[in-house]
Amino acid sequence: GSIDFSGQTTVVTGASSGIGAAFARELARRGSDVVLVARRRDRLEDLASELRARHGVRVTAAPLDLSEPGAGRRLAADLAGRGIRVDGLVNNAGFGTNGAFHQEDPDRLTDEINVDVANLVDLTRAFIEPLRDSGRGVLVNVASAAAYTPSPDMAVYAACKAFVLSFTEALWYESRGTGLRVLSLAPGLTRTEFFDRFEGGAYQGSYETPEQVVATAMRTLDRGRRPSVQSGRRNAVMVSLPRLFTRRR
Ligand code: NDP
């Protein structure tokens, strides 16, 4: 059956758009209170109002820049200080730089590693004990189809996502018997703002919607038997994808 989230509190990072916003909507629809994390405060406030009005759940907007080292730890301390007990965590915030590695801006690469990996680990570590104690929450870490394939022009991104996949599958094993459901989610091409941040124009091919990706994740969590799931187009698409965006220099 489907997981009942009523009375739970789930933290969703990257909730200001795309897959994260879709996760927040689905969790709230299933009765979970949610903590919305991203940089764009106005987007978080708008979504918070929508979810309170539509589902009557408690929503906390938590504007935060996850490219800063220690940001995840500060969030956990802040929520604990406000008496918010956390049952679930969706580590979805992420972005990819797009270009030949030898031309990448080193500071951007550090930001990428902080958002996609370092703060994901910090947030998971900060919340894993309450998640296990809760016995009915979820931990979803958003990897990517890029984790499974060679990804020229996205070397650091693909490596970050391979980290997320491996890390999360290990935690799936460690969490057996606790009631905590753990999932590594690898979306294929999904229609979000993700590619707006790429130089070289928008990809024109077919995408899944964020709602389809979230439905795949929730179905897998409801069944509760697999450590990871891929959504959407096959991996082969990701091999050719970076070439579509390659910067001309
Ligand atoms: P979006 O760009 O629409 O969403 C990314 C989210 O991450 C936004 O809410 C953004 O919020 C947040 N974010 C980015 N940087 C930071 C930061 N420094 N601090 C806090 N929050 C941040 O893209 P998607 O919804 O597609 O991306 C969600 C996840 O899905 C990512 O991990 C991505 O790697 C992954 N993914 C996406 C695929 C796709 O085809 N779209 C394919 C495979 C994986 P804000 O800007 O307000 O901070």
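The following paragraphs examine the structure supplied in this document. Bear in mind the structure is a predicted one, so any value in this text is a computation, not a measurement. (Residues numbered from 1 in each chain as written. Predicted model: local features only at pLDDT ≥ 70, side-chain atom pairs only at ≥ 80, totals over all residues.)

Notes on the site of the ligand
Here is step 1 of the chain: The ligand sits among 30 residues. The nearest are Gly 14, Gly 18, Arg 39, Gly 94 and Thr 192.
Here is step 2 of the chain: For the shell around the ligand, the leading source of residues is helix α1 (residues 18–29), giving 3 residues.
Here is step 3 of the chain: Class assignment for the residues of the shell around the ligand results in 13 nonpolar, 12 polar and 5 charged. (Near = placed C-beta within 6 Å. Helix = DSSP H or I, 4+ residues; strand = E, 2+ residues; numbered from the N terminus. Nonpolar A, V, L, I, M, F, W, Y, C, P; charged D, E, K, R; others polar.)

Details of the packing of α1 against helix α2 (residues 41–55)
Here is step 1 of the chain: At their nearest, the axes of α1 and α2 sit 10 Å apart, and the two run at 20° to each other. In terms of axis orientation, α1 runs roughly parallel to α2. In the packing of α1 onto α2, the handedness of the crossing is right-handed. Where α1 approaches α2, its residues Ala 21, Ala 24, Arg 25, Ala 28 and Arg 29 are matched on the opposing element by Leu 47, Leu 51 and His 55.
Here is step 2 of the chain: Its residues assigned to classes, the contact of α1 with α2 shows 5 nonpolar, 1 polar and 2 charged. (Axes fitted to C-alpha atoms, helices over the stretch in contact; angles between N-to-C directions. Parallel < 35°, antiparallel > 145°, perpendicular 65-115°, else oblique. Left-handed = near helix turned anticlockwise from the far one by under 90°. Contact = placed C-beta atoms within 7 Å.)

A closer look at unusual backbone geometry
Here is step 1 of the chain: Positioned with a positive phi, Asp 153 is a non-glycine residue whose angle comes to about 75°.
Here is step 2 of the chain: For Asp 153, the location among the structural elements is in the loop between β5 (138–142) and α5 (155–174).

Remarks on α2
Here is step 1 of the chain: If you check α2, its first and last C-alpha atoms are 21 Å apart, about what 15 residues at 1.5 Å a residue would give, namely 21 Å.
Here is step 2 of the chain: Of all the positions in α2, only Leu 44, Leu 47, Ala 48 and Leu 51 are classed as buried. Buried residues of α2 fall within an arc of 110° about the axis and therefore sit on the same side. Opposite the buried face of α2, by more than 90 degrees, sit the exposed residues Asp 42, Ser 49, Ala 53 and Arg 54. (Expected span 1.5 Å × (residues − 1). Buried ≥ 20, exposed ≤ 12 C-beta atoms within 10 Å, placed from the backbone. Arc of directions from axis to C-beta.)

Describing the nonpolar core
Here is step 1 of the chain: Counting residues in each nonpolar core, the largest one holds 63 residues, and the members touching the most others are Val 12, Ala 15, Ala 24, Val 34, Leu 36 and Val 37.
Here is step 2 of the chain: Here the element with the most residues in this core is α1; it accounts for 7 residues. (Core = buried A, V, L, I, M, F, W, Y, C linked by C-beta atoms within 7 Å.)

Topic: helix α3 (residues 71–81)
Here is step 1 of the chain: By the burial criterion, the buried members of α3 are Ala 71, Gly 72, Leu 75, Ala 76 and Leu 79. An end-on view of α3 places all buried positions within 140° of arc, on one side of the element. Of the exposed residues in α3, those oriented more than 90 degrees away from the buried face are Ala 77 and Gly 81.
Here is step 2 of the chain: Contacts from the buried residues of α3 go to β2 (33–38), β3 (59–63) and α4 (106–134).

A look at the environment of Ala 159
Here is step 1 of the chain: Turning to its location among the elements, Ala 159 is positioned in helix α5.
Here is step 2 of the chain: Once the C-alpha coordinates of Ala 159 and Ala 146 are considered, the two residues, 13 residues apart in sequence, prove to be 8.3 Å apart.

Regarding the sheet that holds β3
Here is step 1 of the chain: Reading across the sheet, the 7 strands line up as β3-β2-β1-β4-β5-β6-β7 and stay open at both edges, with parallel pairing between neighbours. Strands at the two margins of the open sheet, each flanked by one partner only, are β3 and β7 (228–231). Going across the sheet, the axis of each strand differs from the next one's by a mean of 15°, ignoring polarity.
Here is step 2 of the chain: Sheet topology places strand β6 (residues 181–187) next to β7; 4 bridges connect them, and they run parallel. Note on β7: the bridge partner recorded for Pro 187 is Ser 231.
Here is step 3 of the chain: Here α2 sits on the sheet in contact with β2 and β3, set at roughly 175° to β3. (Pairing = 2+ DSSP bridges.)

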